[in-house]
Amino acid sequence: MHLRARLFGIGVAALAAIPFTVLGPAGVSHAAVKPAQGTAHSCATAKPGYASCKAIVRTDIVSAKSVSPNATPSGYGPSSLQSAYKLPSATAGAGRTVAIVDAYDDPTAEADLGVYRSQFGLPACTTANGCFKKINQTGGTSYPRKDGGWAQEISLDVDMVSAICPNCHILLVEATSSSFANLGAAVNRAASTSGVVAISNSYGGSDASDATYGSYYNHPGIAVTASSGDAGYGASYPASSHYVTAVGGTTLNTASTSRGWTETAWSGAGSGCSAYNTALTGASSFGTGCAKRAEADVSAVANPSTGVAVYDSTAYQGYVDWMVFGGTSVSSPIIASVYGLAGNTGSIDNNYPYTHSSSLWDVTSGSNGSCPTTQWCNARTGWDGPTGLGTPNGIGAF
């Protein structure tokens, strides 16, 4: 269960009213998309040729941990996520590496990861013990400049790998900027690193062509995941690439059911049909209604209202330490880490969930808005845009 302590008083009201206009890095719009009430986007809207991270932070609550040092942090932690998706996290994943690709530098990434893992009783994951490694897009240790918004994204990503696959190693690759060229170079660097079985990309921009960027994401034998976006209907790249697993989003709640949980499509989950890229062969019998690439393929929790606990000490927009996050930035590293648990090294491709869809929780209710074709925006039995084929029920679909 979530432990949530609400903030009261004029100071917090003023904080919530701050317009999130970001003097961001080059290539990013200075006016962020207006977030839902009580939330803020970690990254500003992307310009063409650039991507924006898909992390959303709750601004209307403070973690219970911040109120009482002995409390469990607000938001879902590892045990909840592992329970919801019936994962063998305690026994699987050893010897495998999940890579995280993000832009700019999070100077406190390793220290913050240590706080998260210690809080939840997970084994230490450090540079010294070989579990954690941080490099730039050329493989070196001369890191890009710091960016607080992307630092939130990085903390979210490494914490989700820890939550789902605590026995996996973590490789963090920091791109020089949020351009697709630099992020793509970072993906290529991750793919060339020994032991990497999955690469998570918690960012996106406008629908684009694989003819331009596809070589960055085409890595047979490695599971490459990408966030479908947080703005409802409308294709996003690289989720719309033929070469990735596009990850949508759900609302996850505890329930008195045999599973113990219920899920519905999250209203912000990205979905859509690419105007450019070839459809997956595995999707041909699922009635996507898209002439080309359909997104999403699978999904996991993303609604900030049922968000996850994250620790980040690089302050940004006044938010620091224990926070609650949502967005498809949560679901992408979750799914990458489930691939890490499954360990189908060398044989995996993004058609695999379509040929093993019976090993997923089918999400059949909820919507992300209105669109020309019902299944592109409304959850239903089988495939739909916001949740794809569904959410993990163990590792059989990965």
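Up top is the structure these notes are about.
Residues numbered from 1 in each chain as written. Predicted model: local features only at pLDDT ≥ 70, side-chain atom pairs only at ≥ 80, totals over all residues. Heavy atoms only, no water.

Enquirer: Quick rundown of the state of the cysteines? Include the residues and the values.
Expert: Considering all chains together, one arrives at five disulfides under this definition. The disulfide partner of C165 is C168, and the gap between their sulfur atoms is 2.0 Å. Every disulfide takes its handedness from the sign of the S-S torsion; for C165 and C168 that torsion is 65°, giving right-handed. For C168, a relative accessible area of 1% corresponds to the buried category. The residue that forms a disulfide with C273 is C290, at a sulfur-sulfur distance of 1.9 Å. What sets the handedness of the C273 and C290 disulfide is the S-S torsion sign, and at about -65° it is left-handed. Of the two residues, C273 is situated in strand β15 (residues 272-273) and C290 in the loop between β15 and β16 (294-295); the sequence distance between them amounts to 17 residues. Look at C273 and you get partly exposed, because its relative accessible area is 22%. If one numbers only the bonded cysteines of the chain, in the order they occur, the disulfide pattern is 1-2, 3-4, 5-6, 7-8, 9-10. (Disulfide = S-S within 2.5 Å. Buried < 20%, exposed > 50% of the residue type's maximum accessible area, 1.4 Å probe, protein only. Helix = DSSP H or I, 4+ residues; strand = E, 2+ residues; numbered from the N terminus.)

Enquirer: An account of the packing of helix α5 (residues 148-164) against helix α8 (residues 328-342) is requested, with residue identities and associated values reported.
Expert: One can describe the packing of α5 onto α8 by two numbers: an axis separation of 8 Å at closest approach and a directional angle of 35°. For the element pair α5 and α8, the recorded crossing hand is right-handed. Between α5 and α8, the contacting residues are E153, L156, D157, M160, V161 and I164 on the first element and S329, V330, P333, I334, S337, V338 and L341 on the second. Along the lines of polarity and charge, the residues of the contact of α5 with α8 split into nine nonpolar, two polar and two charged. (Axes fitted to C-alpha atoms, helices over the stretch in contact; angles between N-to-C directions. Left-handed = near helix turned anticlockwise from the far one by under 90°. Contact = heavy atoms within 4.5 Å. Nonpolar A, V, L, I, M, F, W, Y, C, P; charged D, E, K, R; others polar.)

Enquirer: For the packing of aromatic side chains, give the residues involved together with the corresponding values.
Expert: Counting across every chain of the model gives twelve aromatic pairs. With 5.9 Å between their ring centres and 45° between their planes, Y213 and Y237 make a pair best called tilted. Residue Y213 is found in helix α7 (residues 210-213), and its partner Y237 is found in strand β12 (residues 236-237); the two are separated by 24 residues along the sequence. There is no split in this pair, since Y213 and Y237 are both buried. Between Y233 and W376 the ring centres are 5.9 Å apart and the planes differ by 5°, which places this aromatic pair in the stacked class. With Y233 in the loop between β11 (223-227) and β12 and W376 in helix α10 (residues 374-377), the pair connects residues that are 143 residues apart, well separated along the chain. For Y233, a relative accessible area of 34% corresponds to the partly exposed category. (Phe/Tyr/Trp six-rings, centres within 6.5 Å; stacked < 30°, edge-to-face > 60°.)

Enquirer: Give a detailed account of empty space enclosed by the protein, specifying residues and quantitative values.
Expert: Applying the stated criterion across every chain yields a total of one cavity of 30 Å³ or more. Considered as a void within the structure, the largest cavity measures approximately 40 Å³ in volume. Every residue along the wall of the largest cavity is listed here: V197, G221, A223, Y339, G343, N344, T345 and I348. (1 Å grid on protein atoms, 1.4 Å probe; cavity = no way out; pocket = protein on both sides within 12 Å on 5 of 7 lines; lining within 4 Å. Points joined across faces, edges and corners; volume = space filled by probe spheres on them.)

Enquirer: I'd like to hear about the nonpolar core, residue by residue, with values.
Expert: By size, the foremost hydrophobic cluster in this structure holds 67 residues, and its most contacted members are L81, V308, I334 and F398. In terms of residue count, the dominant contributor to this core is α8 (eight residues). If sequence neighbours within four positions are ignored, F398 has contacts with V298, I335, V338, Y339, A342, N344, I348, Y352, L360 and P392. One finds C43, L183, A191 and Y203 within the second-largest nonpolar core, a separate group that totals 33 residues. (Core = buried A, V, L, I, M, F, W, Y, C linked by side-chain atoms within 4.5 Å.)

Enquirer: Lay out the pattern of salt bridges in plain terms, naming residues and giving numbers.
Expert: Two side chains that carry opposite charge are able to pair once their charged atoms sit near each other. Tallied over the entire structure, the rule returns five salt bridges. Between D60 and R58 there is a salt bridge; the shortest N-O distance is 2.9 Å. Note on D60: relative accessible area 24%, which makes it partly exposed. The partner of R259 in a salt bridge is E263, and the shortest N-O contact between them spans 2.8 Å. The residues R259 and E263 share a single accessibility class, namely buried. Because the salt bridges share partners, they merge into one network encompassing D105, K134 and E174. (Salt bridge = Lys/Arg side-chain N within 4 Å of Asp/Glu carboxyl O.)

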